[in-house]
Amino acid sequence: YGGMGLDFSYNVAMAEELGNIRCGGIPMAIGVQAGMATPALTRFGSDELKKQFLVPTIAGDFVVCLGISEAGAGSDVANIKTTAVRKGDEYVINGGKMWTTSGCQADWMCLLANTSEGPPHRNKSLICLPMNLPGIHVAKKIDKLGMRSSDTAQIFFEDVRVPSKNLIGEEGKGFTYQMLQFQEERLWAVATVLTPLETVIQETIDYTRQRKVFDQTVLHNQAVHFRLAELATEVELLRSLLYRTVALYVEGNDTTKLASMAKLKAGRLAREVTDNCLQFWGGMGFTSEVLVSRFYRDLRLMSIGGGTDETMLSIICKYMGTLPSK
């Protein structure tokens, strides 16, 4: 279908390289296109659907968005309310999606919707939804703290009719399909922060070596250069965890616990590195003229998007057996 047929480790190499882009929004948008909105279609979609949607998306002719989160259901995917009711050979879609990356410009959406009244983990389906259909309303482009080079939309659906053949895989399996790709999404996210964090640390070293306070450079203070050494060590440890997890994943192992640990650590470390480094820049760090302030804003999303820190902790606790029984 136009791809290179490589294993997931190449996605991670690509994601890590994209970290050289001096903002978070562009790597995130590419990640949605390549690793979040298309894996389910790649694995479970019909040949017809792949030719219609996957081929032009891989070629870059189509932009795709992922319709999962809603105003009342972010990390709690099972709680989504959007419905797709089967009527003849069509689904009639009503509801809305929130925090939709690339939603203002997307040609199609990989939509998760409730297709029955059954249990929340078995009543959802994924549907390829062209974004030019009647009844789709892009309500607004959301003004965000960071990731400002990536558009994020609020979208509503009002009696949107889509052919039933646009169903990805089996009806009722959408939640399962989505959970499968979450691990790849989280590992991609971890990979994208490694280079930015290293860049921020290095630029902070360069700046504090030049900046003088009380007749000596800021870097000359032991508290500063020791802290930067600690942060660099943490980033290298995160890289090792990522590589180990990816190697196990490529071999076919369940890496849910390790991927969740890596995602948790990446979110926490992104906050720690950018906050500490910004402090060493002083007043200059509080301006929009330096990279550290941009990554301070952009990378704050790591602890929220793709599953919050709290969600990662719950998953880790489940695998460790520390959650109380109901």
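It should be emphasised that the depicted structure is a prediction, and the values quoted were computed from it without experimental measurement.

(A) Representation of the overall build of the protein in the model. Broken down by element type, the protein carries 9 helices and 10 strands. Its C-alpha atoms give the protein a radius of gyration of 21 Å, within 12% of the compact-globule value 20 Å for 326 residues. Principal axes of the C-alpha set define a box for the protein whose edges measure 80 × 40 × 40 Å. Burial analysis of the protein (326 residues in total) assigns 49% to the buried set. Excluding contacts between residues fewer than 6 apart, the proportion of contacts in the protein whose partners are at least 24 apart in sequence is 74%.

(B) Seen up close, the pairing of strand β3 (residues 90-101). Here strand β2 (residues 83-87) runs beside β3; their pairing, made up of 5 bridges, is antiparallel. Each bridged residue has a counterpart across the sheet, and for Val85 the counterpart in β3 is Val92. Adjacent in sequence and paired antiparallel, β2 and β3 are bridged by 2 residues, among which Gly88 carries a positive phi angle near 65°. Pairing analysis gives 9 bridges linking β3 to strand β7 (residues 152-163), with the strands arranged antiparallel.

(C) Focus on the pattern of salt bridges. Counted according to the given criterion, the structure contains 17 salt bridges. The salt bridge involving Arg227 is made with Glu230; its shortest N-O contact spans 2.9 Å. Of the two residues, Arg227 and Glu230 both sit in helix α6 (residues 222-250), 3 residues apart, roughly one turn of that helix. Judged by its relative accessible area of 44%, Glu230 is partly exposed. Several salt bridges share partner residues, and in doing so they unite Glu16, Glu198, Glu236 and Arg239 into one network.

(D) Inspection of the UniProt feature "domain: Acyl-CoA dehydrogenase/oxidase C-terminal" (unreviewed entry) in the protein at higher detail. This chain's UniProt record puts "domain: Acyl-CoA dehydrogenase/oxidase C-terminal" (unreviewed entry) on residues 172-318. Within residues 172-318, the helical portion is 74% and the strand portion 3%, while the C-alpha atoms at the span's ends are 24 Å from each other.

(E) The arrangement of the packing of aromatic side chains in detail. In this structure the tally under the stated criterion is 4 aromatic pairs. Aromatic side chains Phe44 and Tyr177 sit 4.0 Å apart centroid to centroid with 15° between the ring planes, which places their arrangement in the stacked category. Of this pair, Phe44 sits in helix α3 (residues 39-44) while Tyr177 is found in helix α5 (residues 174-210), placing the two residues 133 residues apart along the sequence. We classify Phe44 as partly exposed; its relative accessible area is 31%. Taken together, a centroid distance of 5.1 Å and an interplanar angle of 50° make the contact between Phe53 and Trp108 tilted. Taken as a pair, Phe53 in helix α4 (residues 47-59) and Trp108 in strand β4 (residues 108-114) lie far apart in primary sequence, 55 residues in all. Over the ring of Tyr91 we find Arg86, and its NZ or CZ is 5.5 Å from the ring centre. One Lys or Arg, Arg186, reaches over the ring of Phe182 and ends 4.8 Å from the middle of that ring.

Basis of the calculations
Residues numbered from 1 in each chain as written. Predicted model: local features only at pLDDT ≥ 70, side-chain atom pairs only at ≥ 80, totals over all residues. Heavy atoms only, no water. Helix = DSSP H or I, 4+ residues; strand = E, 2+ residues; numbered from the N terminus. Rg over C-alpha atoms; globule rule 2.2 N^0.38 Å. Buried < 20%, exposed > 50% of the residue type's maximum accessible area, 1.4 Å probe, protein only. Contact = heavy atoms within 4.5 Å. Pairing = 2+ DSSP bridges. Salt bridge = Lys/Arg side-chain N within 4 Å of Asp/Glu carboxyl O. UniProt positions renumbered as here; feature names shortened; annotations may be inferred. Phe/Tyr/Trp six-rings, centres within 6.5 Å; stacked < 30°, edge-to-face > 60°. Lys NZ or Arg CZ within 6 Å of the ring centre and 35° of its normal.

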